[in-house]
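Residues per chain are reported as follows:
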Amino acid sequence: GDGRMDVLTLSSAEVRVSLAQSSGGFGPSTFIAARPPAGWNFAGAGDVNGDGKADVIWHNVNSGELYYWLMVSNTIIGGQGGSYLPIGSTVLGVGDYSGDGRTDVMSLAGGNVNVSIMQPSGLFAGIAFAGARPAGSYVFAPVP
């Protein structure tokens with residue numbers, strides 16, 4: 001919520017954050033939590049509840065479930081799951097695709113690019129078709 005981009009780091013065992021400092025640079029790396037078990041992939045970070053603070057989003061590749069940690073600074077203050085992508089989906093990225101101030105999830109399932117919009121209830125809506133995957137050898141990459 002301070003407008004500075006922090007650094008989230010993941011190892012095979014833990015999740016850590018280094019908070020950006022107002023004087024420049026980053027503070028020490030602080031342990032947040034143990035990394036979720038095998039099958040859970042980091043999907044991205046973004047503000048899922050509209051409080052102006054980045055939260056951490058996970059995707060379970062086995063069940064398709066989306067789960068997020070609500071964050072304040074380097075502390076998990078809550079979390080919620082219960083939203084699902086189709087089995088076999090790959091998360092392409094996260095961003096506020098609907099323009100409502102909450103982070104949504106873009107995913108790829110087969111040849112379809114889909115978007116799951118975060119709802120005020122705290123759940124991601126079911127997937128909405130956003131378009132067909134471009135033909136050829138296009139690679140999805142983050143936009144700088």
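Sequence order as written defines the numbering, with residues in each chain counted from 1. The predicted nature of this model means local features are confined to residues of pLDDT at least 70 and side-chain atom pairs, given and counted, to a pLDDT of 80 or more, with totals for whole chains, interfaces and linings taken over all residues. Hydrogens and waters are ignored; side-chain quantities use all the structure's heavy atoms.

Colleague: Help me out: how do you make sense of the side chain of threonine 103 in this one?
Modeller: Secondary structure elements are taken from DSSP: a helix is a run of H or I of four residues or more, a strand is a run of E of two residues or more, and numbering for both begins at the N terminus. Counting through the fold element by element, threonine 103 comes out in the loop between strand S8 (90-95) and strand S9 (104-109). By relative accessible area, which is 7% here, threonine 103 ends up buried. In this scheme, a residue with accessible area under 20% of its type's maximum is buried, one over 50% is exposed, and one in between is partly exposed, where area comes from a 1.4 Å probe on protein chains only.

Colleague: Could you clarify how one ought to interpret the sheet that holds strand S3 (residues 30-34) in this entry?
Modeller: Strands pair in a sheet through their backbones, by hydrogen bonds, and they do so in one of two ways: parallel or antiparallel. The strand order across the open sheet built from 3 strands is S1-S2-S3, with neighbouring strands paired in antiparallel fashion. Each having just a single partner strand, strand S1 (7-10) and S3 make up the two edges of the open sheet. Within the sheet, the average angular offset between the axes of one strand and its neighbour, ignoring direction, is 25 degrees. The pairing criterion is simple: DSSP has to find at least two bridges between the two strands. Axis definition: a line fitted to C-alpha atoms, limited for helices to the stretch in contact. Angles are taken between N-to-C directions and run from 0 to 180 degrees.

Colleague: Just to check I follow, could you spell out the layout of surface pockets for this structure?
Modeller: Rolled over the atoms, a probe with the dimensions of a water molecule shows which regions are left empty. Cavities and pockets were defined on a 1 Å grid built from protein atoms only: a cavity is a group of points that admits a 1.4 Å probe but offers it no way out, a pocket is an open group of points flanked by protein on both sides within 12 Å along at least five of seven lines, and a lining residue is one with an atom within 4 Å of any such point. Grid points are joined across faces, edges and corners, and a volume is the space filled by probe spheres set on the points. By volume, the largest pocket is sized at about 580 Å³. If you go around the largest pocket, you meet 20 residues; those closest to its centre are Arg4, Met5, Asp6, Lys53 and Ala54. At the level of secondary structure, the elements contributing two or more residues to the lining of the largest pocket comprise S1, strand S5 (55-60) and strand S6 (65-72). Charged means Asp, Glu, Lys or Arg here, nonpolar means Ala, Val, Leu, Ile, Met, Phe, Trp, Tyr, Cys or Pro, and polar covers whatever is left, Gly included. In terms of residue class, the lining of the largest pocket is built from 11 nonpolar, 4 polar and 5 charged.

Colleague: Teacher, can you tell me more about the sheet that holds strand S10 (residues 112-116) here?
Modeller: Read across the open sheet, the 4 strands follow the order S8-S9-S10-S11; overall the sheet is antiparallel. With partners counted over all chains shown, the strands left at the sheet margins are S8 and strand S11 (128-132), one partner each. Sheet twist, expressed as the mean angle between neighbouring strand axes with direction ignored, is 25 degrees. The sheet contact formed by S9 and S10 spans 5 bridges and is antiparallel.

Colleague: Just checking my understanding: could you explain the pattern of salt bridges for this structure?
Modeller: Pairs can form between side chains of opposite charge whenever their charged atoms are close. Salt bridges are identified by distance alone: a Lys or Arg side-chain nitrogen within 4 Å of an Asp or Glu carboxyl oxygen. Scanning all chains against the criterion turns up 2 salt bridges. Across the salt bridge formed by arginine 16 and glutamate 14, the nearest N and O atoms sit 3.0 Å from each other. For arginine 16, a relative accessible area of 24% corresponds to the partly exposed category. A relative accessible area of 26% places glutamate 14 in the partly exposed class. The partner of aspartate 100 in a salt bridge is arginine 102, with the nearest N and O atoms 3.1 Å apart. Aspartate 100 sits in the partly exposed class, given a relative accessible area of 32%. Taking relative accessible area as the criterion, arginine 102 reaches 17% and is therefore assigned buried.

Colleague: What is the right way to look at the environment of serine 29 in this model?
Modeller: Position of serine 29 relative to the elements: it lies in the loop between strand S2 (14-18) and S3. Residue classification places serine 29 among the partly exposed positions, given a relative accessible area of 34%. Here the alpha-carbon distance between serine 29 and threonine 9, two residues 20 residues apart in the chain, equals 8.5 Å. Note on contacts: a residue pair qualifies if any of its non-hydrogen atoms lie within 4.5 Å across the two residues. Ignoring anything within four residues of it in the chain, the contact list for serine 29 reads Thr9, Arg16, Val17 and Ser18.

Colleague: Would you mind showing me how to read the packing of aromatic side chains here?
Modeller: Two aromatic rings from Phe, Tyr or Trp, using only the six-membered ring of Trp, form a pair when their centres are within 6.5 Å; if the ring planes differ by under 30 degrees the pair is stacked, by over 60 it is edge-to-face, and anything between is tilted. For the structure shown, the criterion picks out 4 aromatic pairs. Consider the rings of tryptophan 40 and tyrosine 67, whose centres lie 6.4 Å apart with planes at 75 degrees: the pair is edge-to-face. Of this pair, tryptophan 40 sits in strand S4 (residues 40-46) while tyrosine 67 sits in strand S6; the two residues are 27 residues apart in sequence, bridging distant segments of the chain. Of the residues examined, tyrosine 67 reaches a relative accessible area of 28% and is grouped as partly exposed.

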